[in-house]
Amino acid sequence: DRDAAALAIARAALAALAQAWGQGGRLTTTVDDLARAPVPRAELVVIGSALNELAPATRLAVVERALAALVDDGALIVIEPALRDTARALHELRDAVLTRGRGHVVLPCTRAESPCPALAAPEDWCHEDRPLRLPPRTAELARLTHLRDGGMKFSYLVLRRAPLASPPAAAPGGHAWRIVGAPRPAKGKLELLGCGAAGWVPLRRLRRHRADVNRALDEAVRGDVLHIAAPVEEGRVEIASETPVTRWAVAAADDA
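Quick look at the overall build of the protein chain now. Within the protein chain one finds 5 helices and 13 strands. Put simply, the protein chain has 256 residues, and 39% of those count as buried. Once local pairs closer than 6 in sequence are excluded, the contacts in the protein chain between residues at least 24 apart make up 67%. Carbon and sulfur atoms make up 55% of the accessible area of the protein chain, which totals about 14600 Å². The distance from the centre of the 34 positive side-chain charges to the centre of the 31 negative ones in the protein chain is 2 Å.

Moving on, we get to unusual backbone geometry. As a rule of thumb, non-glycine residues mostly have phi less than zero, and peptide bonds are mostly trans rather than cis. In this chain, Leu-107 is followed by Pro-108 through a cis amide linkage whose omega measures 5°. Note on placement: Pro-108 falls in the loop between β3 (104-107) and β4 (128-133). Residue Ser-114 is joined to Pro-115 through a cis peptide bond whose omega torsion reads 5°. Along the chain, Pro-115 falls in the loop between β3 and β4. The phi torsion at Ser-49 lies on the positive side, around 50°, for a residue other than glycine. Structurally, Ser-49 can be placed in the loop between β1 (42-48) and α2 (56-69).

Take the pattern of salt bridges next. For the structure on display, the rule yields 18 salt bridges. Across the pair Glu-128 and Arg-130 runs a salt bridge whose closest N-O atoms are separated by 3.0 Å. Judged by its relative accessible area of 1%, Glu-128 falls in the buried class. Of the charged contacts, one joins Asp-224 and Arg-247 as a salt bridge, the two residues approaching to 2.6 Å between their closest N and O atoms.

Here β1 runs beside strand β2 (residues 70-80); their pairing, made up of 6 bridges, is parallel. Paired with Leu-44 across the strands is Ala-75, a residue of β2. What joins β1 to β2 is α2, and the crossover it makes is right-handed.

Right, let's talk about the environment of Val-213 for a bit. With respect to the helices and strands, Val-213 occurs in the loop between β9 (199-206) and α5 (216-219). Distance in space between the C-alpha atoms of Val-213 and Val-245 is 6.4 Å, their sequence separation being 32 residues.

Calculation notes
- Every chain is numbered independently, its residues counted from 1 as its sequence is written.
- Local features in this predicted model are restricted to residues whose pLDDT is 70 or higher, and side-chain atom pairs enter the listing and the counts only when it is 80 or higher, whereas totals over whole chains, interfaces and linings include all residues.
- Computation of side-chain values covers all heavy atoms of the structure but excludes hydrogens and water.
- Only DSSP runs of H or I with at least four residues qualify as helices, and only runs of E with at least two residues qualify as strands; both kinds are numbered from the N terminus onward.
- Burial classes follow relative accessibility: with a 1.4 Å probe on protein chains only, a residue under 20% of its type's maximum area counts as buried, one over 50% as exposed, and anything between as partly exposed.
- Contacts: residue pairs with any heavy atoms within 4.5 Å of one another.
- Reported accessibility uses the Shrake-Rupley method at a 1.4 Å probe radius. Residues are deemed covered only where the shown protein chains occlude them.
- For this count, His and the chain ends are skipped, Lys and Arg are scored as positive, and Asp and Glu as negative.
- Charged side chains are reduced to one point each, which is NZ for Lys, CZ for Arg, CG for Asp and CD for Glu.
- A pair is scored as a salt bridge if a Lys or Arg side-chain nitrogen falls within 4 Å of a carboxyl oxygen belonging to Asp or Glu.
- When DSSP finds at least two bridges between two strands, those strands are taken to pair.
- Looking down the strands as they point away from the viewer, one classifies a crossover as right-handed if the path from the first strand across the helix to the second runs clockwise.

In structure tokens:
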């Protein structure tokens, strides 16, 4: 960071946390500009809510420099605010990395190609909305500052230099769908918006087709991945009473 005082606060806080948990380790902080700072060889690089403060070309250069610093099995995690402009900028960054052949997406996408479907319409963007329970002190801070205390919103990417042999969200035949919106129950049906190899596609099940084999659809929330053994037909996926639906839950509730 360029702010030495902020780094000092972070260093003291992490040292106190390590002591409270009975953990050792070494922490090094560097006063520098993210736009030009070198990235040492690493197994994991995390860039949190920083790229949105840089120009688009600089963001891409930082990410490519971080990817180049990774060991063969390393990963880069980029976290950005869930606002429309910052999330769409992250989608554009994703596409640039893929187009230039600098890296591969591990999460959250089930779609390995560009362009990102969220960029098709200017009012769309993709983000997470994870439930969480804040600890008492943080909850009181949220109450006093009128900040959100019932959910954690953010956009993110996990990138690698080389693709995984078996991506966690993969499914045969392109039938893996990441849920990118809240469930939309309506009279006589349940519909969710899924993102997959075919882009953004509605996933629909009529009430009369609800069955044990597809009950995972009722439990799915934004961020989850559904494996649905049904093709895209007429712009949507129809889930029948005999259609298997498997849920890979990545948006489970957790404590902060």
